[in-house]
Each structure stands twice: as structure tokens, then as C-alpha cells.
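Commentary on secondary and tertiary structure
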Amino acid sequence: DTAVSQTPKYLVTQMGNDKSIKCEQNLGHDTMYWYKQDSKKFLKIMFSYNNKELIINETVPNRFSPKSPDKAHLNLHINSLELGDSAVYFCASSKLWETQYFGPGTRLLVL
Amino acid sequence: AQSVTQPDIHITVSEGASLELRCNYSYGATPYLFWYVQSPGQGLQLLLKYFSGDTLVQGIKGFEAEFKRSQSSFNLRKPSVHWSDAAEYFCAVAGTDSWGKLQFGAGTQVVVTP
């Protein structure tokens, strides 16, 4: 069974479009995260939710809006996509602030 | 705020040889420390972690790491590298008061030659 899953795995879209990435975890964790990995493979946290409450909100353009409908899901909606949004987006989950387990990533390419 | 430095961007090692990847961190207290591995086109897999206690930590795939407070280091080692160990390795740190915010190093790419 996949512990942390993301959909879609690949996303190719045009500039200006709006897209969403979904994340689900079946580990029973209460904290979920979004990370962005750029073309140089640098990983940076974007958001964190604990029990559906936003805990970490890094310096991210407000075109990015996370939403957590329940503890097992954390979605990322991106408005007005720009070329610079092209990256790999990873979802992760943990129990409280302990070890984070990562999903397989969503590779976003904005043309 | 915490930070992590991985001094080696790229390491080439022969199959069967030993491997050591360096990681230095900056944090006011003892942080939580992690090593993750990312194979090409894959997600991140946890190799090992240090929270407290024994400073020599054993992980999966034959890896170990040693926490040295005096040197602010958490170096990763493997005695004998296999071709399947070719990947990107990330050291990460989380402060005990950072709400789980992981700070990653820039990564070290490991190439394994026959």
C-alpha cells in the first residue's frame, strides 16, 4: 500500500492556467506538508498543516493555495501558472513534528 | 533559524569502496537530523534519523551516520557501496521548535563506477 500518494505524477500546462495537485496519506499522521524542488534539486518547504490547520506558510506567492479537507488529504491549488513554477512538488506527512514521509512527487512543467 | 551545508556537490566512488557524505548544520541546540536519498525520478526515502541518545545511528541499506555535537556534523557512511547506491543524498535538519520545518542541504550526487 502506498503510504503517501500524489496525483497527478506529471502535469504539463500552459502559462496562465490554474491547476491542482492532490495528496493523500494512509499513515494516520496528523501533519502534512508541501515542498518544492527546483531544477537544481534544492528542496524548500512551502506549507504545513496540522489537523487541518495551517501551521507553516513560507514566503510563497499567494497564487499558491493549500487546502486540507481532512487530516489525510492536503491539496495544492496554483492559479495563473508561471514558467518559474515548473518544479517537482512533494507532499509529505508526519506524526506531529517527527519523521516526515514523502510522496513520489508531481513533476509540473509550465510552457 | 537552522541551516544545513553539504560541502560536496558530487562524489564519484568505485563499487565496493567506502563512502562518506558530509553534512554540517547550524542550530542553537541539538536539532533533529535526517538523511534522505532520492533515486532518479523518484521521491525521497528516509535512510536514517537522529533525535537523541546514541550518536551513531544505523539506517537502511547498510548506511550509518554519526552525530558530532562539537563539530556540528552528521556525516553519512557506508562501508561498501553498491551500484544501486547511485543517487542524490540530502541531509536535513529540523529545530525542536520549528513545527517540523525541515531545512534541506543542497544535496550530494553520488556516482558509482564499476
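Refer to the structure above for everything that follows.
Residues numbered from 1 in each chain as written. Chains lettered and ligands numbered in written order. Predicted model: local features only at pLDDT ≥ 70, side-chain atom pairs only at ≥ 80, totals over all residues. Heavy atoms only, no water.

1. What about the pairing of strand S6 (residues 44-50) of chain B?
Residue and element names in this part refer to chain B.
- Taking burial as the measure, the seven residues of S6 include five buried ones, the bulk of the element.
- Relative to S6, strand S5 (residues 32-38) runs antiparallel, the two sharing six bridges. From the neighbouring strand, Val-37 faces S6, where its bridge partner is Gln-45.
- With antiparallel pairing between neighbouring strands as the criterion, S5 and S6 make up a hairpin whose turn holds five residues, including Gly-41 at a positive phi of roughly 70°. (Buried < 20%, exposed > 50% of the residue type's maximum accessible area, 1.4 Å probe, protein only. Helix = DSSP H or I, 4+ residues; strand = E, 2+ residues; numbered from the N terminus. Pairing = 2+ DSSP bridges.)

2. Things to note about the pattern of salt bridges
- Per the stated rule, a full pass over the model turns up nine salt bridges over all chains.
- Note that Arg-77 of chain B and Glu-66 of chain B form a salt bridge whose closest N and O atoms lie 3.4 Å from each other. Of the two residues, Arg-77 of chain B is situated in strand S9 (residues 73-78) and Glu-66 of chain B in strand S8 (residues 64-68); the sequence distance between them amounts to eleven residues.
- Taking relative accessible area as the criterion, Arg-77 of chain B reaches 23% and is therefore assigned partly exposed.
- Of the charged contacts, one joins Asp-85 of chain B and Lys-78 of chain B as a salt bridge, the two residues approaching to 2.8 Å between their closest N and O atoms.
- When its relative accessible area of 10% is taken as the criterion, Lys-78 of chain B is described as buried.
- A network of salt bridges, in which partner residues are shared, links Lys-44 and Glu-58 of chain A together with Lys-101 of chain B. (Salt bridge = Lys/Arg side-chain N within 4 Å of Asp/Glu carboxyl O.)

3. Side note on the interface of chain B and chain A
- Residue-level contacts link 21 residues of chain B with 20 residues of chain A.
- Across the chain B/chain A interface, buried area totals approximately 1800 Å², and carbon plus sulfur atoms make up 60% of it.
- Across the chain B-chain A interface, the total number found is two salt bridges.
- In this structure, Lys-41 of chain A and Glu-88 of chain B form a salt bridge, with 3.8 Å as the shortest nitrogen-oxygen distance.
- Linking chain B with chain A are five residue pairs in polar contact (both at pLDDT 80 or more).
- Listing elements by their share of the side of chain B that touches chain A, those giving two or more residues are S5, S6 and strand S10 (87-94) of chain B.
- Here the element with the most residues in the side of chain B that touches chain A is S5 of chain B; it accounts for four residues.
- Tallied by class, the residues present in the side of chain B that touches chain A amount to eleven nonpolar, seven polar and three charged. (Contact = heavy atoms within 4.5 Å. Buried area = accessible area lost by both parts, 1.4 Å probe. Polar contact = N/O pair within 3.5 Å; in protein donor to acceptor, adjacent residues only side chain to side chain. Nonpolar A, V, L, I, M, F, W, Y, C, P; charged D, E, K, R; others polar.)

4. A few points about the packing of aromatic side chains
- For the structure on display, the rule yields 16 aromatic pairs over all chains.
- Geometrically, the ring pair formed by Phe-64 of chain A and Tyr-89 of chain A is tilted, given 6.3 Å between the ring centres and 35° between the ring planes. Highlighted residues: Phe-64 of chain A in strand S7 (residues 64-70) and Tyr-89 of chain A in strand S9 (residues 87-94), separated in sequence by 25 residues. Tyr-89 of chain A matches Phe-64 of chain A in its accessibility class, with the two residues each being buried.
- With 5.9 Å between their ring centres and 50° between their planes, Tyr-36 of chain B and Phe-104 of chain B make a pair best called tilted. Highlighted residues: Tyr-36 of chain B in strand S5 and Phe-104 of chain B in strand S11 (residues 103-104), separated in sequence by 68 residues. (Phe/Tyr/Trp six-rings, centres within 6.5 Å; stacked < 30°, edge-to-face > 60°.)

5. Quick word on the state of the cysteines
- A full pass over the atoms with the stated rule returns two disulfides over all chains.
- Each sulfur of the disulfide joining Cys-23 of chain A and Cys-91 of chain A lies 1.9 Å from the other. Negative torsions about the S-S bond denote left-handed disulfides, and the value of about -75° found for Cys-23 of chain A with Cys-91 of chain A makes this one left-handed. Taken together, the residues Cys-23 of chain A in strand S3 (residues 19-25) and Cys-91 of chain A in strand S9 connect sequence positions 68 residues apart. By the burial criterion, Cys-23 of chain A is buried, and Cys-91 of chain A matches it.
- Sulfur-sulfur distance for the disulfide between Cys-23 of chain B and Cys-91 of chain B comes to 1.9 Å. Between Cys-23 of chain B and Cys-91 of chain B, the disulfide has an S-S torsion of -65° and is therefore left-handed. Linking Cys-23 of chain B in the loop between strand S3 (19-21) and strand S4 (24-26) with Cys-91 of chain B in strand S10, this pair joins segments that are 68 residues apart in sequence. Just as Cys-23 of chain B is buried, Cys-91 of chain B falls in that class too. (Disulfide = S-S within 2.5 Å.)

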